Amino acid sequence: MSAPLLDVNAQPGHAIRRLHQIAVGIFLQETAAHGITPVQYAALQTVHNEPGIDQRTLASRIAQDTSTTAGVVERLQARGWLQREPDPADRRARRLTLTPEGQARLAAVVPDMRRAQARILAPLDPQEQAQFMALLQRLVDANNELSRAPGSVRQSGA
């Protein structure tokens, strides 16, 4: 018995992977002057939104495993954008805050990040963009627990 001939381009997983590649490429083009990755941006923005967040919660918020997040935090700290301090209530936990330089870098990146997001959605008209985002979020929410690094979403925003 031979495998059927299938068009990989008609498969949602393949299309999502391709869109992810495109999204990362656009993000890196738009933010090239800042030398920041999408995951580093997500970490900075999340720490800005929740000053004092612990590293484990940050990993959950940005849907990354804890060891990957630890590496991201170390790189951001080495660049002087993030600081880690022991949690007085739990010596094993580290509380994260942005440094003044990290705040400035985040503020500088946001316009470029927004331009990247607009470019990703540009082929769709405004109504289609809203519909796409609603459907995408529905798929993410419904399948979140199937991820190797499920995310916890605390807030929504622009």
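All residue numbers here refer to positions counted from 1 along the written sequence of the relevant chain. Given that the model is predicted, a residue must reach a pLDDT of at least 70 before its local features are reported, and side-chain atom pairs must reach 80 or more before they are shown or counted; all residues, however, enter totals for whole chains, interfaces and linings. Heavy atoms throughout the structure, all of them, feed into the side-chain values; hydrogens and water do not.

A.B. asks: Which residues make up unusual backbone geometry, and what values do they have?
C.D. replies: For Ala 63, which is not a glycine, the phi torsion comes out positive at approximately 55°. Think of it this way: any DSSP run of H or I at least four residues long counts as a helix, any run of E at least two long counts as a strand, and we number them from the N terminus. Tracing the backbone shows Ala 63 in the loop between helix H3 (55-61) and helix H4 (66-78).

A.B. asks: Pulling in residues and values, what's your account of the pattern of salt bridges?
C.D. replies: The salt bridge criterion pairs a side-chain nitrogen of Lys or Arg with a carboxyl oxygen of Asp or Glu, the two atoms within 4 Å. According to the stated counting rule, one finds seven salt bridges in the structure shown. Measuring nitrogen to oxygen at the nearest pair gives 2.8 Å for the salt bridge that ties Arg 61 to Glu 50. Of this pair, Arg 61 sits in helix H3 while Glu 50 sits in the loop between helix H2 (38-49) and strand E1 (53-54), and the two are eleven residues apart along the sequence. The cut-offs for exposure are 20% and 50% of the maximum accessible area for each residue type, with area from a 1.4 Å probe on protein chains only; residues under the lower value are buried, those over the upper are exposed, and the others partly exposed. Of the residues examined, Arg 61 reaches a relative accessible area of 24% and is grouped as partly exposed. One salt bridge connects Arg 92 with Asp 90, and the closest N-O pair in it is separated by 3.3 Å. Given the relative accessible area of 75%, Arg 92 is considered exposed. Under the relative-accessibility criterion, Asp 90 is labelled partly exposed at 26%.

A.B. asks: So what about the pairing of strand E3 (residues 90-98)? Which residues, and what values?
C.D. replies: The sheet contact formed by E1 and E3 spans two bridges and is antiparallel. Of the residues in E3, the one forming a bridge with Ile 53 is Leu 96. Hairpin remark: strand E2 (residues 82-87) followed by E3, antiparallel, with two residues in the connecting loop. Paired strands are those between which DSSP finds at least two bridges.

A.B. asks: Go over a nonpolar patch on the surface with me, naming the residues and quoting the values.
C.D. replies: Patches in this entry comprise residues that are over 30% relatively accessible and not in a salt bridge; like charges within 9 Å are linked, as are nonpolar side chains (Val, Leu, Ile, Met, Phe, Trp, Tyr) within 5 Å. The accessible surface values rely on the Shrake-Rupley method and a 1.4 Å probe; as for residues, cover is taken only from the protein chains in view. Taken together, Met 133, Leu 136 and Val 140 make up a surface patch of nonpolar side chains, about 230 Å² in accessible area. Position of Met 133 relative to the elements: it lies in helix H6 (residues 126-143).

A.B. asks: Got a sec to walk through the environment of Val 39? Specific residues and values, please.
C.D. replies: Tracing the backbone shows Val 39 in helix H2. In this structure Val 39 comes out as partly exposed when scored by relative accessible area, which is 27%. Considering only alpha carbons, one finds Val 39 and Thr 69, 30 residues apart in sequence, at a separation of 8.8 Å. Excluding residues within four positions of it along the chain, Val 39 makes contact with Ile 62, Gln 64 and Val 72. Every residue pair with non-hydrogen atoms within 4.5 Å of one another is taken to be in contact.

A.B. asks: Describe helix H5 (residues 100-121), and please don't skip the residues or the numbers.
C.D. replies: Expected helix span is taken as 1.5 Å per residue step, with the number of steps being one fewer than the number of residues. Over its 22 residues, H5 runs 32 Å from end to end, which matches the ideal 32 Å to within 8%, given 1.5 Å per residue. Its maximal kink placed at Val 110, H5 deviates by approximately 30°, while the proline Pro 111 follows within four residues. If you check which residues of H5 are buried, you get Gly 102, Leu 106, Val 109, Val 110, Asp 112, Met 113, Ala 116 and Leu 121. Next to the buried residues of H5 lie helix H1 (12-30), H2, E3 and H6. Bending is quantified residue by residue as the angle between axes fitted to the seven-residue window ending at that residue and the seven-residue window starting at it.

A.B. asks: How would you explain the nonpolar core if you had to name every residue and give the values?
C.D. replies: Residues belong to a common nonpolar core when they are buried Ala, Val, Leu, Ile, Met, Phe, Trp, Tyr or Cys residues joined through side-chain atoms within 4.5 Å. Counting residues in hydrophobic clusters, the biggest one holds 20 residues, and the most contacted among them are Tyr 41 and Leu 58. Listing elements by their share of this core, those giving two or more residues are H2, H4, E3 and H5. Not counting residues up to four positions away in its chain, the partners in contact with Leu 58 are Ala 43, Thr 46, Val 47, Ile 53, Thr 69, Val 73 and Leu 96.

A.B. asks: Help me get a handle on the sheet that holds E3, residues and values and all.
C.D. replies: What the three strands build is an open sheet, ordered E1-E3-E2; its pairing is antiparallel. The sheet is open, and its two edges are formed by E1 and E2, each paired on a single side. The axes used here are C-alpha line fits, helices contributing only the stretch in contact, and every angle between their N-to-C directions lies in the interval 0 to 180 degrees. In the packing of H2 onto the sheet, the strands contacted are E1, E2 and E3, and the crossing angle to E3 comes to about 100°. Sheet strands in contact with H4 are E2 and E3, and its direction is about 120° off that of E2.

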